[in-house]
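# Overview (structure and organization)
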Amino acid sequence: NGVSRLFNPLDRIRNRANNRLAAFMNPSHHMQQIPSKKRQMYLTCFAIVFVWQTLGTLFYSYYYSWPLPQSFFYSVDAGMSIGFCTDVHESKVGSRAFTIIHILLGASCVGGALILMVQSVLD
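Because the structure is predicted, anything quoted here is derived from the model rather than measured.

With that settled, consider the nonpolar core. Counting residues in hydrophobic clusters, the biggest one holds five residues: F59, Y60, W66, Y74 and A78. Elements with a contribution of two residues or more to this core: α4 (36–64) and α5 (68–79). When sequence neighbours within four positions are dropped, the list of residues in contact with F59 reads G94, S95 and F98.

Before going further, it helps to examine α4. Compared with the 42 Å implied by 1.5 Å per residue over 29 residues, the 42 Å span of α4 between its first and last C-alpha is a close match. Taken together, the buried positions of α4 are occupied by C45, W52, Q53, G56, T57, F59, Y60 and S61. Buried residues belonging to α4 abut α5 and α6 (93–122). Positive phi shows up at S65, right after α4, with a value of about 60 degrees.

Here the focus is unusual backbone geometry. Its identity as a non-glycine residue notwithstanding, S65 has a phi of 60 degrees, on the positive side. Mapped onto the secondary structure, S65 falls in the loop between α4 and α5.

The next subject is the state of the cysteines. Across all of its chains, the model carries zero disulfides by this definition. Free of any disulfide, C45 has its nearest neighbouring cysteine sulfur in C109, separated by 9.4 Å. For C109, a relative accessible area of 18% gives the class buried.

Before going further, it helps to examine the side chain of S95. Tracing the backbone through its elements, the reader meets S95 in helix α6. Polar side-chain contacts of S95 include one of 2.6 Å to the side chain of Y64.

Looking at the chain, pLDDT values average 78 and 76% of them are 70 or higher. The weakest mean pLDDT in the chain belongs to helix α1 (residues 2–6) at 52; the strongest belongs to α5 at 89.

What follows deals with the packing of α4 against α6. The packing of two helices is summarised by the inter-axis angle and the distance between the axes. Packing of α4 against α6 brings their axes to within 10 Å, and their N-to-C directions diverge by 165 degrees. Considering their axes alone, α4 and α6 lie roughly antiparallel with respect to each other. Crossing of α4 over α6 shows left-handed handedness. Taken together, the residues of the contact of α4 with α6 sort by class into 19 nonpolar, eight polar and one charged.

Calculation notes
- Residues numbered from 1 in each chain as written.
- Predicted model: local features only at pLDDT ≥ 70, side-chain atom pairs only at ≥ 80, totals over all residues.
- Heavy atoms only, no water.
- Core = buried A, V, L, I, M, F, W, Y, C linked by side-chain atoms within 4.5 Å.
- Buried < 20%, exposed > 50% of the residue type's maximum accessible area, 1.4 Å probe, protein only.
- Helix = DSSP H or I, 4+ residues; strand = E, 2+ residues; numbered from the N terminus.
- Contact = heavy atoms within 4.5 Å.
- Expected span 1.5 Å × (residues − 1).
- Disulfide = S-S within 2.5 Å.
- Polar contact = N/O pair within 3.5 Å; in protein donor to acceptor, adjacent residues only side chain to side chain.
- pLDDT = per-residue confidence, 0-100.
- Axes fitted to C-alpha atoms, helices over the stretch in contact; angles between N-to-C directions.
- Parallel < 35°, antiparallel > 145°, perpendicular 65-115°, else oblique.
- Left-handed = near helix turned anticlockwise from the far one by under 90°.
- Nonpolar A, V, L, I, M, F, W, Y, C, P; charged D, E, K, R; others polar.

In structure tokens:
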């Protein structure tokens, strides 16, 4: 009876699932799986996108005297060239110039970050 339990496929599947769940719940296990070079790359990508959005949010908040949530929404909306439900007509040259640079940097930052992350997953 004990021998038949060892060869039961459901028990093997259950044991593997329990082992994977235990490994998943162990936070130090995650840090060991991601090599330090990849972890540094992920943090760098996140930091670049975070700084880009923070600068855009602060600029629009200061320039238009908007609250921070509205400025953040417009920074993402303009920076990603989404144009979703925004009824802002930028009439000042300074704001237009910043938005053009913000869009170009946004496409470069987010596109580059996505490419690096996809490439690291495929490697």
